[in-house]
Amino acid sequence: MKIEEIKRVLSVFSLFRELNDFELTKITDIAIAREWKKQSHVFLQGDPLENVYFIYNGKIKIYKSDVNGKEQIVAIMKKGEMFPHVGFFRKGDYPAYAEVLEPSTLIAVPISKFESVLIENPELCIKVFKVLGEKIVDLQNRLEEQILNNTYEQIVKLLIRLAQKHGKEQEDGTILLKSEFTNKDLANMIGTTRETISRTLTRMKKDELIEVDDDGNMIVDVEILMEEINLI
């Protein structure tokens, strides 16, 4: 990807949208575009923290793994998002794994050089911290869900979150959530078992809270799911 193309891609990100050409050029000059194959890793948990990545296309799974190999999915990142959300103005290692779920094009910016640009552009620095703040709030909400909600409520809220972020709205207002997440993936997102997810989804289909088409895609109505949560 040529420099002008990288500049065009980065200019679409909300983080850089209000930068003028001179300011954006500073980012572009230190950026490198690279394509990643499915099932490869952008970085491993414990690797030296070096780059922040901007997703031009594709999908990335951020997950942690304990000493026993148990996986906890932190987030599924898609086009228009950046990761990781830690590491600015500090030294350290990547706190999680970043696995490529589908062929992806990422733009890497060295953190050390990006920090210098942030210092020179206070408005951009504020935007970065705003993005970090939003991620912190999201993680706080998910932690509260685990503490305050039972497993069934956590699964319903997970489906709502996935539908809003990854689903495609249909003409009738329902949302089509493609079968890209296995029951094991869903389980790893909230720290439960695959069997529990399977039983719960079967129950929800029986109660007509969700539908599954012939291709295995899930059809959900967010309002109905939210009503289900409020009734519990």
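Above this text sits the structure in question.
Residues numbered from 1 in each chain as written. Predicted model: local features only at pLDDT ≥ 70, side-chain atom pairs only at ≥ 80, totals over all residues. Heavy atoms only, no water.

Asker: Mind showing me how you'd approach the packing of aromatic side chains here?
Answerer: In this description, an aromatic ring pair is defined by two values, namely the gap between the centres and the angle between the planes. Inspection of the entire model under this criterion finds 9 aromatic pairs. Between Phe43 and Tyr53 the ring centres are 6.1 Å apart and the planes differ by 35°, which places this aromatic pair in the tilted class. Here Phe43 is found in strand β2 (residues 41–43), whereas its partner Tyr53 is found in strand β3 (residues 51–65), with 10 residues between them in sequence. Tyr53 carries the same exposure label as Phe43, and that label is buried. Ring centres of Tyr53 and Phe83 lie 5.4 Å apart, and the angle between their planes is 20°; on these two criteria the pair is classed as stacked. A residue pair is termed long-range when its members are at least 10 positions apart, and Tyr53 in strand β3 and Phe83 in strand β5 (residues 82–83) qualify at 30 residues. Each member of the pair, Tyr53 together with Phe83, is buried. In textbook terms, an aromatic cluster arises when at least three aromatic residues are bridged by ring pairs, as seen for Phe13, Phe16, Phe54 and Phe114. Seen from the ring of Tyr152, Arg203 lies directly overhead, with NZ or CZ sitting 4.1 Å from the centre. (Phe/Tyr/Trp six-rings, centres within 6.5 Å; stacked < 30°, edge-to-face > 60°. Helix = DSSP H or I, 4+ residues; strand = E, 2+ residues; numbered from the N terminus. Buried < 20%, exposed > 50% of the residue type's maximum accessible area, 1.4 Å probe, protein only. Lys NZ or Arg CZ within 6 Å of the ring centre and 35° of its normal.)

Asker: Help me understand the nonpolar core, please; the structure alone is not making it clear to me.
Answerer: Generally speaking, soluble globular proteins have nonpolar side chains that are buried together. Counting 42 residues, the largest nonpolar core has Leu10, Phe16, Val42, Phe54, Ile60, Phe83 and Phe114 as the members making the most contacts within it. Sequence-distant contacts of Phe83, defined by excluding residues within four places in its chain, comprise Val42, Phe43, Val52, Tyr53, Ile55, Ile60, Ile62, Met77, Ala98 and Leu106. Of all hydrophobic cores here, the second largest spans 28 residues; its members include Ile73, Leu158, Ile210 and Leu225. (Core = buried A, V, L, I, M, F, W, Y, C linked by side-chain atoms within 4.5 Å. Contact = heavy atoms within 4.5 Å.)

Asker: Got a minute to help me understand a nonpolar patch on the surface in this structure?
Answerer: A contiguous nonpolar surface patch, about 350 Å² in accessible area, is contributed by Leu143, Ile147 and Leu148. Along the polypeptide, Ile147 turns up in helix α4 (residues 122–148). (Patch = residues over 30% accessible without salt bridge, like charges linked within 9 Å, V, L, I, M, F, W, Y side chains within 5 Å. Areas by Shrake-Rupley, 256 points an atom, 1.4 Å probe, with all protein chains shown as cover. Salt bridge = Lys/Arg side-chain N within 4 Å of Asp/Glu carboxyl O.)

Asker: How do you make sense of the side chain of Asn217 when you look at a structure like this?
Answerer: You can see Asn217 is positioned in the loop between β9 (210–212) and β10 (218–220). Judged by relative accessible area, Asn217 falls into the buried class, the value being 11%. Among the polar contacts listed, one links the side chain of Asn217 to the backbone nitrogen of Ser179, at a separation of 2.9 Å. (Polar contact = N/O pair within 3.5 Å; in protein donor to acceptor, adjacent residues only side chain to side chain.)

Asker: Help me understand the sheet that holds β10 in this model?
Answerer: To summarise the sheet geometry, strands pair through backbone hydrogen bonds and adopt either a parallel or an antiparallel arrangement. In spatial order, the strands read β7-β8-β10-β9; together these 4 strands make up an open sheet with antiparallel pairing. Of all the strands in the sheet, just β7 (168–169) and β9 have a single pairing partner and so form its edges. Examined bridge by bridge, β9 and β10 share 3 bridges and lie antiparallel to one another. By the bridge assignment for β10, Ile210 is matched with Val220. Sheet strands touched by helix α5 (residues 151–166): β7, β8 (175–177), β9 and β10. Its angle to β8, the strand with the most contacts, is close to 95°. (Pairing = 2+ DSSP bridges. Axes fitted to C-alpha atoms, helices over the stretch in contact; angles between N-to-C directions.)

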